[in-house]
Amino acid sequence: MAKKNQTSFNKDNQPSPENRTPRGKSKKTLMLDAIRQHCGVDGKPGNEMDYLLDVIKASLGDPLSDPPILPNPTLMTIVMSRIEPPLKSTSPLVEFEFSAKATPSEQASQVLTAAAKGEIPPDIAHTFVSAIASMLKIDEVTELQKRLESLEKAMGIGNG
């Protein structure tokens, strides 16, 4: 058992709300405050829009300024990914001979045969076989749960 002392924290040993040390600002708040301060004009704080405009200007560059500011492709990529995030990859639609009524081992064999014939890519075949294995595991757990419940019922124990 832990030893209690004056620094132990429990329901009886807590500082009163008026004596608690206030928390500092979060990192997000500190960053926003810095942005407002940096983007401000004539002593008035700026805002997030001013900051975003500065970021976009920096990413596009300004060849007419003195000295010229070169475009920053990396920064532009970041800006664009915030506007329109990159598309997530999706698997292509595939068609091959597959019997939903077949046994799981026959289904896996159908998938491997389709992959061997080049009808489906190997990574998609792996996905199918993994899905078949997952369904077998789900069936196994469901069956064990049913058996356990029936045993508990027969013995007069359990939640049933």
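Before reading on, note that the structure itself is shown above.
For every chain, the first residue of the written sequence is number 1, and numbering continues from 1 along that sequence. Given that the model is predicted, a residue must reach a pLDDT of at least 70 before its local features are reported, and side-chain atom pairs must reach 80 or more before they are shown or counted; all residues, however, enter totals for whole chains, interfaces and linings. Where side-chain values are given, they derive from all heavy atoms of the structure, hydrogens and water being excluded.

Asker: Is there a simple way to explain the overall build of the chain in this structure?
Answerer: Starting at the N terminus, helices and strands are each numbered in turn, a helix being any DSSP run of H or I of at least four residues and a strand any DSSP run of E of at least two. Looking only at helices and strands, the chain features 5 helices and 0 strands. Tracing the chain from N to C terminus, the helices and strands come up as α-α-α-α-α. Scaling as 2.2 N^0.38, a compact globule of 160 residues should have a C-alpha radius of gyration of about 15 Å, whereas the chain reaches 32 Å, well beyond that. Taken along the three principal axes of its C-alpha coordinates, the chain extends 80 × 65 × 25 Å. Here, two residues are considered to be in contact whenever any of their heavy atoms come within 4.5 Å of each other. Contacts spanning at least 24 positions in sequence make up 21% of the contacts within the chain whose residues lie at least 6 apart. When the 19 basic and 20 acidic side-chain charges of the chain are each reduced to a single mean position, those positions are 11 Å apart. With the radius of gyration taken over C-alpha atoms, the globule rule is written as 2.2 Å times the number of residues to the power 0.38. The charged-residue count follows a simple rule in which Lys and Arg add positive charge and Asp and Glu add negative charge, with His and chain termini not counted at all. To locate a charge, take NZ of a lysine, CZ of an arginine, CG of an aspartate or CD of a glutamate.

Asker: Sorry if this is basic, but what is going on with the packing of helix α2 (residues 48-60) against helix α3 (residues 73-83) here?
Answerer: How two helices pack is summed up by the angle between their axes together with the distance between the axes. Geometry is summarised by axes, namely lines fitted to C-alpha atoms with helices restricted to the contacting stretch, and by angles between N-to-C directions that run from 0 to 180 degrees. Contact geometry for α2 and α3: axes closest at 7 Å, N-to-C directions at 135°. Overall, the two elements α2 and α3 adopt an arrangement that is oblique. Of the two elements, α2 crosses α3, and the hand of that crossing is left-handed. Seen from α2, the contacting residues are Val-55, Ile-56, Ala-58, Ser-59 and Leu-60; seen from α3, they are Leu-75, Met-76 and Val-79. Residue composition of the contact of α2 with α3, by class: 7 nonpolar, 1 polar and no charged. Small angles under 35 degrees read as roughly parallel and large ones over 145 as roughly antiparallel, with 65 to 115 read as roughly perpendicular and the rest as oblique. For any pair of crossing helices, the crossing counts as left-handed if the nearer helix is rotated counterclockwise from the farther one by less than a right angle, and right-handed if it is rotated clockwise. As a working rule, the residues Ala, Val, Leu, Ile, Met, Phe, Trp, Tyr, Cys and Pro are called nonpolar, Asp, Glu, Lys and Arg charged, and the rest polar, with Gly in that last group.

Asker: Where do I start with the packing of aromatic side chains in this structure?
Answerer: For Phe, Tyr and Trp, where Trp contributes only its six-membered ring, two rings pair if their centres lie within 6.5 Å, and the inter-plane angle classes them as stacked under 30 degrees, edge-to-face over 60, or tilted in between. Scanning the entire structure with this criterion turns up 2 aromatic pairs. Considering the side-chain rings of Phe-96 and Phe-98, the 5.9 Å spacing of their centres and the 75° angle between planes classify their relative orientation as edge-to-face. Here the aromatic rings of Phe-96 and Phe-128 are separated by 5.3 Å at their centres, their planes lie at 85°, and the arrangement is edge-to-face. Pair noted here: Phe-96 is in the loop between α3 and α4 (104-116) and Phe-128 is in helix α5 (residues 122-155), with a separation of 32 residues, a long-range link. Each member of the aromatic cluster is reached from another via a ring pair, and the members are Phe-96, Phe-98 and Phe-128.

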